[in-house]
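# Understanding the architecture of this molecule
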Amino acid sequence: MKFPYPIRGLFALVAAATLAAGAAPRATAESVAERDARMAWFREARFGMFIHWGLYAIPAGQWNGFQSKNNAEWIQSQAKVPAAEYAKLKEKFNPVKYNAEAWVKLAKDAGMKYIVITTKHHDGFCLWDSAETDFDIASTPYGKDLLKPLAEACQRHGIRLCFYHSIMDWHHPDWGDKQPWRGNAENPAPDMDRYTNYMKAQLKELMTNYGPIGIAWFDGEWENAWTHERGKDLYQHLRQNYPQLIINNRVDKGRQGMAGMTKEGEFKGDYGTPEQEIPDDGLPGVDWESCMTMNNTWGYSAHDQTWKSTETIVRNLIDIASKGGNYLLNVGPTAEGEIPAPSVKSLQELGEWIKTNAEAIHGTLATPFPRAFPWGRCTRRTLPDGNTRLYLHVFDWPADKRLELTGVSNDVLRAAPLADPSKVVATTRENGKLVLSLPDVSPSPHATVITLDLAGAPNIQPIAIRPGVDGVLVLNAEDAKLDGTTLRLETRGKESNIGHWSNPAETIAFPVYFEKSGPHAVVLRWSCPADSVGSAVEVRLLDKDKQTVSSLPWKVAATGGWQTYKTEPIGVLAVPAPGTYTLKLVALDKKGQGVLNFATARLQPAED
Ligand code: FHN
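Quick look at the structure, then.

Rules of the game
Residues numbered from 1 in each chain as written. Predicted model: local features only at pLDDT ≥ 70, side-chain atom pairs only at ≥ 80, totals over all residues. Heavy atoms only, no water. Helix = DSSP H or I, 4+ residues; strand = E, 2+ residues; numbered from the N terminus. Buried < 20%, exposed > 50% of the residue type's maximum accessible area, 1.4 Å probe, protein only. Contact = heavy atoms within 4.5 Å. Pairing = 2+ DSSP bridges. Near = heavy atom within 4 Å. Polar contact = N/O pair within 3.5 Å; in protein donor to acceptor, adjacent residues only side chain to side chain. Areas by Shrake-Rupley, 256 points an atom, 1.4 Å probe, with all protein chains shown as cover. Nonpolar A, V, L, I, M, F, W, Y, C, P; charged D, E, K, R; others polar. Expected span 1.5 Å × (residues − 1). Axes fitted to C-alpha atoms, helices over the stretch in contact; angles between N-to-C directions. Disulfide = S-S within 2.5 Å. Parallel < 35°, antiparallel > 145°, perpendicular 65-115°, else oblique. Left-handed = near helix turned anticlockwise from the far one by under 90°. 1 Å grid on protein atoms, 1.4 Å probe; cavity = no way out; pocket = protein on both sides within 12 Å on 5 of 7 lines; lining within 4 Å. Points joined across faces, edges and corners; volume = space filled by probe spheres on them.

To continue, consider the overall build of the chain. Looking only at helices and strands, the chain features 10 helices and 27 strands. Taking the principal axes of its C-alpha atoms as reference, the chain extends roughly 85 × 60 × 50 Å. Per-residue burial over the chain gives 52% buried out of 608 residues. Counting contacts in the chain only where the partners sit at least 6 residues apart, residues at least 24 apart contribute 71% of the total.

Here it is as structure tokens:
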């Protein structure tokens, strides 16, 4: 039953007053153990299905001759469709071919452990029968709640049901940011408190009527109408009322664009949400999930046939798992309720691969190696006896059937193809490297997994970087060991660099080997804009006992911007004796947004 909007607003105001008067205590601080327990299923899952479905599936990316290039779910905005005209779509929405059981089975057989469905996208249309609005499924020819059968199918198959919910709402008159084509354009005084209560009332319907919900997946947080204060309040509100719910970082204002991680500060959200991209490196101690499409649109598009190959999808899953993240892979069902055939085909092919290799994905941890291999990736798990199983995902099967791993100090217990453990993979040590001789197996077209069991916890020694034949020791961004959760390798700009040095407590380090003792000239290549110059940095040399044996202080100078690099000598570093050290860049303070971006450092004996 829906009341005309003003009366419902009155209920919302009364509800708000009641809450304020007798406000329950805010959610108390959560211990690390409690958070680990709450995040456990998410970390184990590694893989979920994203479903973007709504009225936008009817135009399917086209409107009066306009054709969307991507993101067909934005057709109202892209074609500037007036709200009243767009709202008429609900009179046509009749997904008679919808089969929740088939959707959930498809996800489960592909190895997906959770499903995130758009309960309401930016257009404001609700896939369930909401008491708060008439712009919902109950006002369509179909009439029936779309979420209920999905919830029941998820229960049957042990799949976690999760809800995407757009904060931004183009239809609701109280959403504070306006565009001429939106439903709120005529409202002279949009009331964001009233809108927030509307959203909380709908979230209560969603959190209480469909069984336990795994994740509240917020989106559309970027417009000015939504504030950090409202984000904090909504996060606390949900954590207090639904203590096991996981909430992504788009509930608040801390998401750093499509890279998706949460910036420094008190921004709320339980995990980062990279979108259409995969971080270059894992982020120890940070939970994150890369959401990606199978073509170039989240909502169904009749003309977007740019489907990713199954190989790409399998290798994305492996790459993400090897970095300790989750892969949220999207399908965009048609207005009739069918998942597009190319999506179904890829998920079924992925399902064939996962039948043999699920153990190498679900419940695994990030690679213990500093970074990816040229031939593939690595995931790992701790075995019940405390030993370690590495899963070597071989993308490119070596013609010589040899895999080389450097830095593995553990004793090797056994190696074998995951698909056929009866076949033994021989291992030998050659010049400090662990060499695996691969057996005669027909490699998978997507990735072939070799298990490598090691004694105890992983003990991977970083490979010390040595001077070249010219005697110069070159330190590149890709070789850095980053200690921190905001520092990160960036390879998409003009040159690879270590960026986001926003926390001066974090450090950049390199394992190095010096062939000569004595003073070494240090030439640094870095970037830093004028507004962030002056941070005090030290280049420190630490011995194997992690004691500082020499240090070179330096004040960060301007280069003209974060994308503008300079290469200059910054001083001389003493090397007490030939041998292996750790060279570490340490910030003593931070003057601006970041300390500096690091590209390379070159060290050579000063007498040369
Ligand atoms: O604008 C939305 C978009 O339509 C889609 O829902 C993606 C999925 O994460 N999120 C926003 C774009 O960042």
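Burial of strand β23 (residues 536–542) is extensive: six of the seven residues sit out of reach of the surface. Relative to strand β24 (residues 548–555), β23 is paired through seven bridges, and the arrangement is antiparallel. Residue pairing in the sheet places A536 in a bridge with K555 of β24. Hairpin connection of β23 to β24: five residues between the antiparallel strands, including K546 at a positive phi of 60°. In this structure, β23 lies alongside strand β26 (residues 579–587), joined through six bridges in antiparallel fashion. Within β26, the residue paired with E538 across the bridge is V586.

Our focus in this paragraph is the site of the ligand. For the ligand, the set of nearby residues contains 14 residues, the closest of which are H52, E73, H122, D219 and E275. Within the side chain of H52, a nitrogen or oxygen atom sits 2.7 Å from an oxygen atom of the ligand. H122 is positioned such that a nitrogen or oxygen atom in its side chain is 2.7 Å from an oxygen atom of the ligand. Burial of the ligand by the protein amounts to 95% of the accessible area it has alone, namely 330 Å². Across the shell around the ligand, the residue classes break down as seven nonpolar, three polar and four charged.

Further remarks concern helix α10 (residues 341–357). Between the first and last C-alpha of α10 there are 24 Å, a value that for 17 residues agrees with the 24 Å anticipated at 1.5 Å per step. Every buried residue of α10 is accounted for by S343, S346, L347, L350, G351, W353, I354 and N357. Tucked into the core, α10 has its buried residues touching β1 (47–51), α5 (100–109), α9 (310–322), β9 (326–331), β11 (388–394) and β16 (448–454).

The sheet built from four strands is open, its strands ordered β10-β11-β16-β13 with antiparallel pairing. Where the open sheet ends on each side, the last strands, each with one partner, are β10 (376–382) and β13 (412–417). In this sheet, neighbouring strand axes are inclined to one another by 20° on average, regardless of whether the strands run parallel or antiparallel. For β13 and β16, the ladder comprises five bridges, and the chain directions are antiparallel. In the sheet register, A416 faces β16, and the bridge partner there is T451. Along the sheet, α9 makes contact with β10 and β11, crossing β10 at roughly 50°.

Throughout the structure, instances matching the rule amount to zero disulfides. Summary of cysteine pairing: C162 is not part of a disulfide, and the nearest cysteine sulfur, belonging to C154, is at 8.3 Å.

Take the packing of α5 against helix α6 (residues 147–157) next. Look at α5 against α6: their axes get within 8 Å of each other, and the N-to-C directions meet at 40°. Comparing their axes, α6 and α5 come out oblique. The two elements α5 and α6 cross, and the hand of that crossing is right-handed. Residues A100, E101, V104, K105 and K108 of α5 form the contact with α6, whose own contacting residues are P149, L150, A153, C154, R156 and H157. For the contact of α5 with α6, the class distribution of residues is six nonpolar, one polar and four charged.

This paragraph deals with empty space enclosed by the protein. It is a probe the size of a water molecule, rolled over the atoms, that shows where empty space is left. Using the criterion set out here, one finds two cavities of 30 Å³ or more in the structure. In this model, the largest cavity occupies a volume close to 90 Å³. Forming the boundary of the largest cavity are 15 residues, of which N295, T297, W307, G332 and P340 lie nearest the centre. For the lining of the largest cavity, a count of residues per class yields six nonpolar, eight polar and one charged. Volume-wise, the second largest cavity comes out at about 30 Å³. Lining the second largest cavity, in full, are Q76, A83, Y86, D123, F135, W170 and H171. Broken down by class, the residue content of the lining of the second largest cavity amounts to four nonpolar, two polar and one charged.

This brings us to the packing of α9 against α10. Where α9 meets α10, the axes come as close as 9 Å, and the angle between the chain directions of the two elements is 50°. Put simply, α9 runs oblique to α10. Crossing hand, α9 versus α10: right-handed. The segment α9 lies against α10, with T310, I313, V314, L317 and I318 engaging S346, E349, L350, W353 and I354.

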